[in-house]
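# Summary of structural features
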Amino acid sequence: MEKANKRSNVELLIEHEAMTVTGVLESKEKYRKIIQASIARWVKDFQEGRIEIKSVDDLKKLIEIDLELQKDDF
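Predicted model only: the values in this text are computed from it and were never measured.

To continue, consider the overall build of the chain. Within the chain, the regular secondary structure consists of two helices and zero strands. Counting the 74 residues in the chain, one finds 15% classified as buried. Surface accessibility of the chain: about 6500 Å² in total, with carbon and sulfur atoms responsible for 59%.

Here you go:
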């Protein structure tokens, strides 16, 4: 009985960890979509003259965030 109990505890722990990892991956995917949309919007606004060169730092920050989110995907 004790051996079966230990096994079920291990299985529960693995299941919990899998659910946690899945949640993190789903969140990263959502954040990447937001960042990608923001980058696209920044480029469009820049092309239409609503953003001057002095604000390129915003685009750099968005790209850095996107790269950071992708870091663990390899």
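Additional details are given in the paragraphs that follow.
To continue, consider the pattern of salt bridges. Counted according to the given criterion, the structure contains eight salt bridges. As a salt-bridge pair, Asp 45 and Arg 50 come within 2.7 Å of each other at their nearest N and O atoms. Judged by its relative accessible area of 14%, Asp 45 is buried. The class of Arg 50 is exposed, set by a relative accessible area of 52%.

Turning to the nonpolar core, a few remarks are in order. In this structure, Ile 35, Ile 39, Trp 42, Ile 51, Leu 59, Leu 62 and Leu 69 together form the largest nonpolar core, which totals seven residues. Within the residue set of this core, elements represented by two or more residues are helix 1 (2-47) and helix 2 (56-70). For Ile 51, the residues in contact, after removing those within four places along its chain, are Trp 42, Asp 45 and Phe 46.

Moving on to the packing of aromatic side chains. In the structure shown here, the tally under the stated rule is one aromatic pair. Both rings, one in Trp 42 and one in Phe 46, keep their centres 5.3 Å apart while their planes meet at 10 degrees; by these two values the pair is stacked. Here Trp 42 pairs with Phe 46, and both are found in helix 1, just four residues apart, close to one helical turn. Given a relative accessible area of 9%, Trp 42 falls into the buried group.

By the element assignment, Asp 66 lies in helix 2. Engagement of the side chain of Asp 66 in a polar contact is seen with the side chain of Gln 70, the distance being 3.0 Å. Apart from residues no more than four positions distant in its own chain, Asp 66 is found in contact with Arg 32, Ile 35 and Gln 36.

Thresholds, definitions, all that
Residue numbering note: each chain is counted from 1, following its sequence as written. For this predicted model, a pLDDT threshold of at least 70 governs which residues receive local features, and a threshold of 80 or more governs which side-chain atom pairs are given and counted, while totals over whole chains, interfaces and linings are taken from all residues. In computing side-chain properties, one takes all heavy atoms of the structure into account and sets aside hydrogens as well as water. To qualify as a helix, a DSSP run of H or I must reach at least 4 residues; to qualify as a strand, a run of E must reach at least 2; elements of each kind are numbered from the N terminus. Here the term buried applies to any residue with accessible area under 20% of the maximum for its type, exposed to any over 50%, and partly exposed to those in between, with areas from a 1.4 Å probe on protein chains only. For the area figures, the Shrake-Rupley method with a 1.4 Å probe applies, and any residue is considered shielded solely by the protein chains shown. Throughout this description, the term salt bridge denotes a Lys or Arg side-chain nitrogen within 4 Å of a carboxyl oxygen of Asp or Glu. What we call a nonpolar core is a set of buried Ala, Val, Leu, Ile, Met, Phe, Trp, Tyr and Cys residues that are connected through their side-chain atoms within 4.5 Å. Only heavy atoms enter the contact rule, under which two residues are in contact if any of them lie within 4.5 Å. The criterion for an aromatic pair is that two Phe, Tyr or Trp rings (for Trp, the six-membered ring) have centres within 6.5 Å, with stacked assigned to planes under 30 degrees apart, edge-to-face to planes over 60 apart and tilted to the rest. Whenever a nitrogen or oxygen atom comes within 3.5 Å of another N or O atom, the pair is scored as a polar contact, on the condition that within protein one atom can donate a hydrogen and the other can accept it, and that pairs from neighbouring residues in sequence are kept only if both atoms are in side chains.

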